[in-house]
Each structure stands twice: as C-alpha cells, then as structure tokens.
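An overview of the molecular structure
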Amino acid sequence: MPLKAAILHVTPFQQNCTILWDEAAKRATVIDPGGDLPEIEAMLAQHGLTAEQIVLTHGHIDHAGGADELRERLGVPVIGPHEADRMLLDNLDKQGRAYGLDGARNVVPDRWLVEGEALEMGGVGFDTLHCPGHSPGSVVFVGLAERAAIVGDVLFRGSIGRTDFPYGDHAALIASITQKLLPLGDDIRFLCGHGPGGTFGEERRSNPFLQR
Ligand SMILES: [Zn+2]
Ligand SMILES: [Zn+2]
C-alpha cells in the first residue's frame, strides 16, 4: 500500500508521534507532535519527506505541546482536534510547567474538526469521528478503504484512555469505542497514542474494559 508510517516516542510520556506519508509523493502528515521536535524533523529528513500538515487527536500536552512551534518551523497548518478541547490547548503552557516540560506552547489550530469530516493523510482518505470521554474534543481518524485507524488516547491495546480528569467521562468513552469504532470492523488496524497498536477485533474480544 502507498501509505507509510513511522512512530517516534516523544516527551517523557513516550507518546507515539506518528508520521504518515505517501511514498510516491513524499508528502507527510505529522500526528500529535507533543515535543522532541528535532527528532521529528530528523525523521522527515531521513525519509526525504515534505510535511504538509500537523494533525492533533486531542489537547493533552504529550500530543499537542510542540504543535505551535512545529507549525512555525515547517510552515504548515495545524488541523484538529474537535473544538471541545480548546480549553486544553489554551493551557498547554500551564500543563508544561505542571509536568516539568520545557517549551510547551499554547496552540490555536488553523482548523477544528467535526464529526464526519474528511481528511487526507499520506495520500489516503480518512474520516473524522468525534470520540469524547478521555477528553471532550478527542477525535479518531478512520481510513475505511485502508482498514486503518489513528485513535489517539481513546483506545489502547488491552486498555482505554484514562478518564480521571475533571472533564473525563468514562461512560462517554466506552460509548465512543463500542458504538463508533468497533462496529467498523474487526479487521481495522489501529495506531494509538501510547504503546503498540492492534486491531479492533482483538480489542472487542479481549480488552477487559470492553467486556460486558
Ligand atoms: Zn491524552
Ligand atoms: Zn497521551
């Protein structure tokens, strides 16, 4: 398939900054550049890629803390997440001080995303699904033709995103996963914000948070 992906573990949270690209066109999307921007730029250079956009799955610092500076350095737009995470993106500098992360900047995206919005990443079409719960504005990207999804911190292999923040909503997160994601098909492979990816089918069968 033309879609290529590389994952860099960024920030002390070991967040999976994912770069998607089209090998023929060498055009790339950088998803969730939480920090460690020199490593992200080195990865782009190593593969001879030109970044065309930065995409955010949600407003947490390990995902979004480097977005504003990377936008400035690459001259590309920041797209997403859903506007319900504006209150997080407006406070990334404070989150950075609280967690001891230097250089995190607040970011105002060039474009917010809404449910159903189409987005091209790495030459492949993805649909946006608004999946609140871990954060109010979390979004998931599903490439139905490619049978691939980028789920941020909504779903992990064998786990789900934490919801113990003041704005977290466990019931909404479970509903997002069971009503929007899993029905798309067991064969869909996903990449997530922390740890290894997997398939929707494996999570439907064995993820302890999704059993009833
Ligand atoms: Zn998060
Ligand atoms: Zn995270």
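First, a word on what this report is: a plain description of the structure on this page. (Residues numbered from 1 in each chain as written. Chains lettered and ligands numbered in written order. Predicted model: local features only at pLDDT ≥ 70, side-chain atom pairs only at ≥ 80, totals over all residues. Heavy atoms only, no water.)

**What about the pattern of salt bridges?**
Evaluation of the coordinates by the stated rule reveals 17 salt bridges. Two residues, D164 and R162, come together in a salt bridge whose shortest N-O distance is 2.8 Å. Using a relative accessible area of 55% as the deciding quantity, one classes D164 as exposed. Overall, the relative accessible area of 47% leaves R162 in the partly exposed class. D186 is paired through a salt bridge with R204; the nearest N and O atoms lie 2.6 Å apart. (Salt bridge = Lys/Arg side-chain N within 4 Å of Asp/Glu carboxyl O. Buried < 20%, exposed > 50% of the residue type's maximum accessible area, 1.4 Å probe, protein only.)

**A few points about the sheet that holds strand 2 (residues 15-22)**
Strand order in the open sheet made by the five strands is 1-2-3-4-5, with mixed pairing throughout. Either end of the sheet is taken by a strand with one partner, and the two such strands are strand 1 (3-10) and strand 5 (78-79). Sheet topology places strand 2 next to strand 3 (residues 27-31); five bridges connect them, and they run antiparallel. Residue I19 lies in a different strand from strand 3, and its bridge partner there is V30. The strands touched by helix 1 (residues 37-46) within the sheet are strand 1, strand 2, strand 3 and strand 4 (50-55), with strand 1 carrying the most contacts at an inclination of about 155°. Set on the sheet, helix 3 (residues 67-74) makes contact with strand 3, strand 4 and strand 5; between it and strand 4 the angle comes to about 155°. (Pairing = 2+ DSSP bridges. Helix = DSSP H or I, 4+ residues; strand = E, 2+ residues; numbered from the N terminus. Contact = heavy atoms within 4.5 Å. Axes fitted to C-alpha atoms, helices over the stretch in contact; angles between N-to-C directions.)

**Quick look at the coordination of the zinc ion (ligand 2)**
Ligation of the zinc ion (ligand 2) by protein atoms is provided by D62 (OD), H63 (NE2), D153 (OD) and H194 (NE2), these donors lying 2.0 to 2.4 Å from the ion. Around the zinc ion (ligand 2), the four donor atoms sit at angles spanning 87 to 160°, and that spread fits a shape best called irregular. The sequence pattern describing where the donors of the zinc ion (ligand 2) fall on their chain is D-H-x89-D-x40-H. Between the two metals, the zinc ion (ligand 2) and the zinc ion (ligand 1), the spacing is 3.5 Å, and D153 donates to both. Residue D62 is classed as buried on the basis of its relative accessible area, which comes to 7%. (Donors = N, O, S within 2.8 Å, 3.2 Å for Na, K, Ca; no water. Tetrahedral: all angles 85-135°; square planar, octahedral: opposite > 155°, others 65-115°.)

**Thoughts on unusual backbone geometry**
Backbone torsion omega between G80 and P81 reads 0°, so that peptide bond is classified as cis. Relative to the helices and strands, P81 resides in the loop between strand 5 and helix 4 (86-89). The phi angle at K26 is positive, at roughly 60°, despite the residue not being glycine. Note that K26 resides in the loop between strand 2 and strand 3. Its identity as a non-glycine residue notwithstanding, D32 has a phi of 60°, on the positive side. Considering the arrangement of structural elements, one finds D32 in the loop between strand 3 and helix 1.

**Describing empty space enclosed by the protein**
For the coordinates displayed, the defined rule picks out one cavity of 30 Å³ or more. Each pocket or cavity is described by its volume, and for the largest cavity that value is around 50 Å³. Taken together, Q15, N16, T18, I31, D32, I150, G152, L191, C192 and G193 make up the lining of the largest cavity. For the lining of the largest cavity, the element with the highest residue contribution is strand 2, accounting for three residues. In terms of residue class, the lining of the largest cavity is made up of four nonpolar, five polar and one charged. (1 Å grid on protein atoms, 1.4 Å probe; cavity = no way out; pocket = protein on both sides within 12 Å on 5 of 7 lines; lining within 4 Å. Points joined across faces, edges and corners; volume = space filled by probe spheres on them. Nonpolar A, V, L, I, M, F, W, Y, C, P; charged D, E, K, R; others polar.)

**Considering the layout of surface pockets**
Estimates place the volume of the largest pocket at around 300 Å³. Lining of the largest pocket is provided by 14 residues; of these, H60, D62, Y99, R162 and F165 occupy positions nearest its centre. Mapped by element, the contributors of at least two residues to the lining of the largest pocket are helix 2 (61-64) and helix 5 (92-99). The residue makeup of the lining of the largest pocket, split by class, is seven nonpolar, four polar and three charged.

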